[in-house]
Amino acid sequence: MTDRLLTWTLGAATLVVVSLIAVIAVFLLNESLDTLNRVGLGRFFSDSGWSPTMGRFNILPMIVASVLLMAGAVIVAAPLAVLTAVFLRFYAPSPVVDTGRRIIEVLAAMPSVVYGLWGLVVLVPVIAAWQQPGASLMAGILVLSLMIFPTITIVVHSGLTAMPQRYIEASLALALNRAYMVRRVVLPAIRASIAAGVTLGAARAIGETMAVMMVTGNIVAVPGDLFDPVRALTSNIALEMAYALGDHRGALYISSLLLLAVVILLVLINEFIVSNKCEY
Amino acid sequence: MKCLFACGRITVLALVAYWIGFGSSHAGENLRLLATGSSTVAPVMAELARKYEQAHPGARIDVQTGGSSRGIADMINGLCDMGMVSRDLKPSERVLHAYTIAHDGIAVITHRDNPIDVLDRARLIEIYRGEVRDWGDVGGAAGVPIVVVNKAAGRSTLELFLHYLDLSPDQVHSDIIIGDNQQGLKTVAGNRSGIGYVSIGAALHAQQEGVPIKLLTLEGAEPTIANVTAGNYPITRPLNIVTRKPAQGAVSELLAFIHSDEGASVIESLNFVPVR
Amino acid sequence: MDRITEAVTCTQKQENTSGNICLCTESLCLSYGTRAALENVSIRIPSRSVTAIIGPSGSGKSSFLCCLNRMTDLSGSTTVGGSVHLGEHDIHRDLGKNPIALRRRVGMVFQLPNPFPFSIWKNLALPLTHHGVANKRELSGIIEQVLRRVGLWEEVGGRLRDSALTLSGGQQQRLCIARALVLEPEVLLMDEPCSSLDPLSTKRIETLIGQLKDRYTIVVVTHDLAQARRVADHVALFWNVDGVGRLIEQGSAARIFQHPQHELTTTYLEGQL
């Protein structure tokens, strides 16, 4: 009886979440459709620039910026996060493990605005002293890496903790040294956790708005190098949604839809990696 | 940084805000009002609201930012009780009713360590068109690139400033685009070669708090409260509250408070010029 | 208490093992933190034969096994006293701080099959590549050889790229034995290797143990007396005396089973019969 009750409660909860996502997706699609029909998908990639109040709708530079920010952050944060998790699990003395893990949990829970503010007040001036104008793709990548580093670390560390002890026993009994064991046994064994951590981090990076808006300079242009300012899709929505009307508003909804699609794609890629159980 | 929360507004939140704002205007005893819009007006409004709430227990006034255009758009869509707009209404917006609560100017700011103290309009135009890229060309330190900080489209500070320079948004070359006043202040404070423009009230307030910025003299007029009051400063604007219908009930009571001596002293304490 | 200590020394003196001694311990003690697990174990394990470690639960059989390849190093709080000799070397003094050289010579198979979640090939190749075998052909040669030795070649030779986790429990355990053999150890430690397996798989492993003893010294912990009778050449009985594991009696399987000298051995054998 209680089991049935639980089944129903859980089922209902799942249904609510799933339908909420569906409602959001349908809403975005609905808001985008008029503009898509009127402007046409092609112009979002081929117009001469982004000034929607004057009928120019090229969002490609912002897509490029968002993808570069996400990829850059993952490239910087993921290796550091994996190394940190391995250090905490296999190398650190136990008092370090406890405090280390607690600090990382606090970092993961910190509101992104705090990271943004830090970036704006500390990081951007430092970069500006080196390469003007400071607010740049680089600043965005660094702030985002800092933000997603604890997220990835926690997921990977949980994976390491949940990994069966018998793999470690087997490795040691086979006279493998610790470094080799980590590299060839442990990391491959927990690649699902690593993939999950990276997906979560990447999704957080591409969805981040406030922190990115504060440090990237928000110029709509494809960056020539790491020190050029960029505007992410999310920042664009935040900066312009407040006053956008008509097709301008529609274009912003299309950007949101695109972000949703990217996140879904990330989850699917993760799913593929996890289900692909055996290597070579 | 109240303003930061509002900018990342999602539509779902807007719906919630709509529900709160709409439902509460009729709530009688537990009066709730929602003001949205200009990030220049918001700190003034928030401080006024705090004082008003102290005098009227049970009243609650929420303040959200997003730029003057949001204030207009929210008012038209019935999403708020008061729209905050830091400029005059445009002809197309005249269906709304505007109540001026204070006057403000726009100050051109640089880092405190920048040797420049004065710029004329012609130099400013060259800088914002990207024709002059080096501080040395306008009397500052040679070899230091000028980092132009501009406001995002839809912000009335931008519209007023560009109107003053007689530039269209397309003509402006910017290195960094910022959202609200606070981000502008922090960006310029963190970049020794930056130049930007923000509300005089916000800039003076930040300067008092120790933020390392400098307000430039424009056309011989220093950006001060006195000069704005006297009408000597070239870029001034009214800070308005807009409503769809003529103000009545709670909103008109609040306006009466704002125009009282007590309201005026709050406005002065934030470096804006009260309307008597 | 006194009597038991006496009996232990007694059996040791009486015992007269034939052949070379591969492993022996002298007054071996083990404690986890402050809790003693083993006390005063002096055992002689003859080479190229099967020694079964028997005794009730909690008598320190598995702990003893872990002392032999220093798996006890895993938890930081263990202390080991006395000595363990592998051939002429003291495994703590002569084989240095690093137990890796020791573990190359003393392989281990665990109670639960523990193949890595990789392919069969990778399971066997991993220890080899770590210890310097890089040549693909050489790898294949060794892998085929050990798989044949454990009788798995016919079953999995054609699908080495499949995940080891797709194998049955018995196959997994034989794969683990094969994996322990790729490094050509001298000693193979087996900790209740059949306790999780069905009777048919158990029988296969027992036959395998019988075949492997020509090449390796095998120490097998078992709680199954019948199994000890089937596979062991030598037997050592451990007992929990006042909370600490002790060696009660050791000797050839024939003698222990037919003429146990210690009354605990008699009780244990009778209880199980």
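Computed from a prediction, not measured in an experiment: that's the story for all the values here.

Basis of the calculations
- Residues numbered from 1 in each chain as written.
- Chains lettered and ligands numbered in written order.
- Predicted model: local features only at pLDDT ≥ 70, side-chain atom pairs only at ≥ 80, totals over all residues.
- Heavy atoms only, no water.
- Helix = DSSP H or I, 4+ residues; strand = E, 2+ residues; numbered from the N terminus.
- Buried < 20%, exposed > 50% of the residue type's maximum accessible area, 1.4 Å probe, protein only.
- Contact = heavy atoms within 4.5 Å.
- Areas by Shrake-Rupley, 256 points an atom, 1.4 Å probe, with all protein chains shown as cover.
- Salt bridge = Lys/Arg side-chain N within 4 Å of Asp/Glu carboxyl O.
- Polar contact = N/O pair within 3.5 Å; in protein donor to acceptor, adjacent residues only side chain to side chain.
- Lys, Arg positive; Asp, Glu negative; His and termini not counted.
- Buried area = accessible area lost by both parts, 1.4 Å probe.
- Nonpolar A, V, L, I, M, F, W, Y, C, P; charged D, E, K, R; others polar.
- Core = buried A, V, L, I, M, F, W, Y, C linked by side-chain atoms within 4.5 Å.
- Disulfide = S-S within 2.5 Å.

## As for the overall build of chain B
Part 1 of the reasoning: Looking only at helices and strands, chain B has 11 helices and 12 strands in total.
Part 2 of the reasoning: The buried share among the 276 residues of chain B stands at 57%.
Part 3 of the reasoning: By sequence separation, contacts in chain B at least 24 residues apart represent 75% of the contacts at least 6 residues apart.
Part 4 of the reasoning: For chain B, the accessible area works out to roughly 11,200 Å², and carbon and sulfur atoms hold 53% of it.

## A closer look at the pattern of salt bridges
Part 1 of the reasoning: Counted under the stated rule, the structure contains 31 salt bridges over all chains.
Part 2 of the reasoning: With a shortest N-O distance of 3.0 Å, C:Glu155 and C:Arg204 are connected by a salt bridge. In this pair, C:Glu155 sits in helix α6 (residues 153–156) while C:Arg204 sits in helix α8 (residues 199–212), placing the two residues 49 residues apart along the sequence.
Part 3 of the reasoning: The partner of C:Glu184 in a salt bridge is C:Arg215, and the shortest N-O contact between them spans 3.9 Å. Within this pair, whereas C:Glu184 is found in the loop between α7 (169–181) and β8 (187–191), its partner C:Arg215 is found in the loop between α8 and β9 (217–221), the two being separated by 31 residues in sequence.
Part 4 of the reasoning: On the basis of relative accessible area, C:Glu184 is assigned to the partly exposed category, the value being 40%.
Part 5 of the reasoning: A network of salt bridges, in which partner residues are shared, links B:Arg87, B:Lys90, B:Glu93 and B:Glu159.

## Some words on the side chain of C:Arg70
Part 1 of the reasoning: Mapped onto the elements, C:Arg70 comes out in the loop between α2 (61–68) and β5 (78–86).
Part 2 of the reasoning: At a separation of 3.1 Å, a polar atom in the side chain of C:Arg70 contacts the main-chain carbonyl oxygen of C:Ile91.

## With respect to the side chain of C:Asp191
Residues and elements named next belong to chain C.
Part 1 of the reasoning: Along the chain, Asp191 falls in strand β8.
Part 2 of the reasoning: Lys61 provides the closest opposite charge to the buried, unpaired Asp191, separated from it by 7.5 Å.
Part 3 of the reasoning: Of the polar contacts made by the side chain of Asp191, one reaches the side chain of Ser62; its length is 3.0 Å.

## Details of the interface of chain C and chain A
Part 1 of the reasoning: Across the contact, 29 residues belong to chain C and 22 residues belong to chain A.
Part 2 of the reasoning: Interface of chain C and chain A: buried area, both sides summed, is about 2,200 Å²; carbon and sulfur atoms make up 68% of it.
Part 3 of the reasoning: The largest share of the area that chain C buries against chain A comes from C:Phe116, C:Lys122 and C:His130, three residues that together contribute 24% of it.
Part 4 of the reasoning: Counting every contact that joins chain C to chain A gives 0 salt bridges.
Part 5 of the reasoning: Taken together, chain C and chain A are joined by 6 residue pairs in polar contact (both at pLDDT 80 or more).

## What about the interface of chain B and chain A?
Part 1 of the reasoning: The interface is formed by 28 residues belonging to chain B together with 27 residues belonging to chain A.
Part 2 of the reasoning: Taking both sides of the interface into account, the surface hidden between chain B and chain A amounts to around 2,300 Å²; carbon and sulfur atoms contribute 65%.
Part 3 of the reasoning: The tally of links from chain B across to chain A stands at 1 salt bridge.
Part 4 of the reasoning: There are 6 residue pairs in polar contact (both at pLDDT 80 or more) connecting chain B and chain A.
Part 5 of the reasoning: Its residues placed into classes, the side of chain B that touches chain A shows 11 nonpolar, 12 polar and 5 charged.

## Observations concerning the nonpolar core
Part 1 of the reasoning: Membership of the largest hydrophobic core comes to 154 residues, with the highest contact counts inside it found for B:Tyr128, B:Phe161 and C:Phe64.
Part 2 of the reasoning: Examining the composition of this core, we find that 14 residues originate from one element, helix α3 (residues 60–91) of chain A, more than from any other.
Part 3 of the reasoning: Ignoring anything within four residues of it in the chain, the contact list for B:Tyr128 reads B:Val148, B:Val149, B:Asn150, B:Phe161, B:Leu165, B:Leu167, B:Gln171, B:Val172, B:His173, B:Ile195, B:Gly196 and B:Tyr197.
Part 4 of the reasoning: In this structure, C:Leu124, C:Trp153, C:Ala232 and C:Phe257 belong to the second largest nonpolar core, which totals 55 residues.

## Details of the state of the cysteines
Residue and element names in this part refer to chain C.
Part 1 of the reasoning: Tallying each qualifying case throughout the model produces 0 disulfides over all chains.
Part 2 of the reasoning: Considering cysteine sulfurs only, Cys67 is the nearest to Cys66, which forms no disulfide, with 7.3 Å between them.
Part 3 of the reasoning: Looking at Cys67, the relative accessible area reads 1%, which means it is buried.

## Observations concerning the environment of A:Met147
Residue and element names in this part refer to chain A.
Part 1 of the reasoning: The topology assignment puts Met147 in helix α6 (residues 137–162).
Part 2 of the reasoning: Expressed as a C-alpha distance, the spacing of Met147 and Gly201, which sit 54 residues apart in the sequence, is 8.4 Å.
Part 3 of the reasoning: The contact partners of Met147, leaving out residues within four places of it in the chain, are Ser112, Tyr115, Arg204, Glu208 and Ala211.

## Some points on the environment of C:Leu188
Residue and element names in this part refer to chain C.
Part 1 of the reasoning: In this structure, Leu188 sits in strand β8.
Part 2 of the reasoning: Each C-alpha atom of the pair Leu188 and Ile209 lies 9.8 Å from the other, and the pair is 21 residues apart in sequence.
Part 3 of the reasoning: In contact with Leu188, other than residues within four places in its own chain, are Gly107, Met108, Val109, Ile177, Ala180, Leu181, Leu212, Thr217, Ile218 and Val219.

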